[in-house]
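Structural features, examined
The chain contents come next:
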Amino acid sequence: MLDALHRVILSRRGADPDQSHTARLFARGRAKIAQKVGEEAVETVIEGIRGDKAKLAEESADLLYHLLVLWADADLEPARVYAILDGRRGTSGIEEKKNRKPKGKAEEADA
Ligand SMILES: N=c1c2ncn([C@@H]3O[C@H](COP(=O)(O)OP(=O)(O)OP(=O)(O)O)[C@@H](O)[C@H]3O)c2ncn1[C@@H]1O[C@H](COP(=O)(O)O)[C@@H](O)[C@H]1O
């Protein structure tokens, strides 16, 4: 599902912003896309606390869509995120936190 949505999002690069919401987001730039992710995250948190499952599902869908647009704009392949999640499988969250690189080291490792 996420991969299919990712492909649709990629296909909207350079499309007409009047015809495509995704193209409109790309045209508005990375900061605006990131802001939308933040807004949808806050709305998801609010619905999570309120406990309305239908609204939580709606906001979660908005959040995932905008997160995928951010990944696409940043040229981040979803597979890279999946690989991190996959690498954590079978490890307890507490153990994973202990092994995590200190903040700032991830960028150095990428260089
Ligand atoms: N999953 C989504 C999706 N989720 C949410 N949205 C849109 O995101 C917008 C969020 O509403 P907002 O009022 O927060 O956004 P906005 O109107 O831009 O307001 P501001 O930016 O001014 O805050 C709405 O217009 C929703 O329709 C989505 N738009 C598109 N998709 C998927 O992307 C595909 C391609 O869409 P287009 O790029 O429009 O062809 C679609 O077929 C869908 O599968």
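Note that the structure is predicted; figures quoted are calculated from it, not measured.

Concerning the overall build of the protein
When helices and strands are tallied, the protein shows seven helices and zero strands. Taken from N to C terminus, the helices and strands of the protein fall in the order α-α-α-α-α-α-α. A buried classification covers 21% of the 111 residues belonging to the protein. Considering only residue pairs separated by 6 or more positions, the protein has 56% of its internal contacts joining residues 24 or more positions apart. Carbon and sulfur atoms make up 55% of the accessible area of the protein, which amounts to about 8000 Å² in all.

A look at the site of the ligand
Near the ligand you find 14 residues, and of these Arg 12, Ser 20, His 21, Thr 22 and Lys 36 are the closest. Taking Arg 12, its side chain carries an N or O atom lying 2.9 Å from an oxygen atom of the ligand. Take Arg 24: an N or O atom from its side chain is 3.2 Å from an oxygen atom of the ligand. Taken together, the elements giving at least two residues each to the shell around the ligand come down to helix H1 (2-11), helix H2 (21-28), helix H3 (30-50) and helix H4 (53-73). If one sorts the elements of the shell around the ligand by residue count, H2 sits on top with four residues. Considered class by class, the residues forming the shell around the ligand number three nonpolar, four polar and seven charged.

Quick notes on the domain arrangement of the protein
A common measure of how large an interface is: the accessible area buried when the components associate. When the domains of the protein are assigned, the result is domain 1 (1-76) and domain 2 (77-111). Each partner contributes to the interface: domain 1 provides seven residues, whereas domain 2 provides five residues. Taking both partners together, domain 1 and domain 2 bury about 540 Å²; carbon and sulfur atoms supply 68% of that area. The interface formed by domain 1 and domain 2 contains zero salt bridges. Put simply, domain 1 and domain 2 have one residue pair in polar contact (both at pLDDT 80 or more) between them. Sorting the residues of the side of domain 1 that touches domain 2 by element identifies H1 and H4 as the ones contributing at least two each. Sort the elements by how many residues they give to the side of domain 1 that touches domain 2 and H1 lands first, with three residues. Broken down by class, the residue content of the side of domain 1 that touches domain 2 amounts to four nonpolar, one polar and two charged.

A few points about unusual backbone geometry
Positive phi values are uncommon outside glycine, yet Asp 75 reaches one of about 55°. For Asp 75, the location among the structural elements is in the loop between H4 and helix H5 (78-88).

Digging into the pattern of salt bridges
All told, the structure shown has five salt bridges when counted by the stated rule. With its nearest N and O atoms 2.7 Å apart, the salt bridge here joins Asp 86 to Arg 89. Here Asp 86 falls in the partly exposed class, since its relative accessible area comes to 44%.

Points about the nonpolar core
Listed in full, the eleven residues of the largest apolar core are Ile 9, Leu 25, Phe 26, Ile 33, Val 37, Tyr 65, Leu 68, Val 69, Leu 70, Trp 71 and Ala 72. Put simply, the parts of the chain that give this core at least two residues each are H2, H3 and H4. Broken down by element, this core gets its largest block of residues, six residues, from H4. Setting aside residues up to four positions removed in sequence, Leu 68 forms contacts with Leu 2, Leu 5, His 6, Ile 9 and Pro 78.

About the thresholds
- Residues numbered from 1 in each chain as written.
- Predicted model: local features only at pLDDT ≥ 70, side-chain atom pairs only at ≥ 80, totals over all residues.
- Heavy atoms only, no water.
- Helix = DSSP H or I, 4+ residues; strand = E, 2+ residues; numbered from the N terminus.
- Buried < 20%, exposed > 50% of the residue type's maximum accessible area, 1.4 Å probe, protein only.
- Contact = heavy atoms within 4.5 Å.
- Areas by Shrake-Rupley, 256 points an atom, 1.4 Å probe, with all protein chains shown as cover.
- Near = heavy atom within 4 Å.
- Polar contact = N/O pair within 3.5 Å; in protein donor to acceptor, adjacent residues only side chain to side chain.
- Nonpolar A, V, L, I, M, F, W, Y, C, P; charged D, E, K, R; others polar.
- Domains from an automatic or database assignment.
- Buried area = accessible area lost by both parts, 1.4 Å probe.
- Salt bridge = Lys/Arg side-chain N within 4 Å of Asp/Glu carboxyl O.
- Core = buried A, V, L, I, M, F, W, Y, C linked by side-chain atoms within 4.5 Å.

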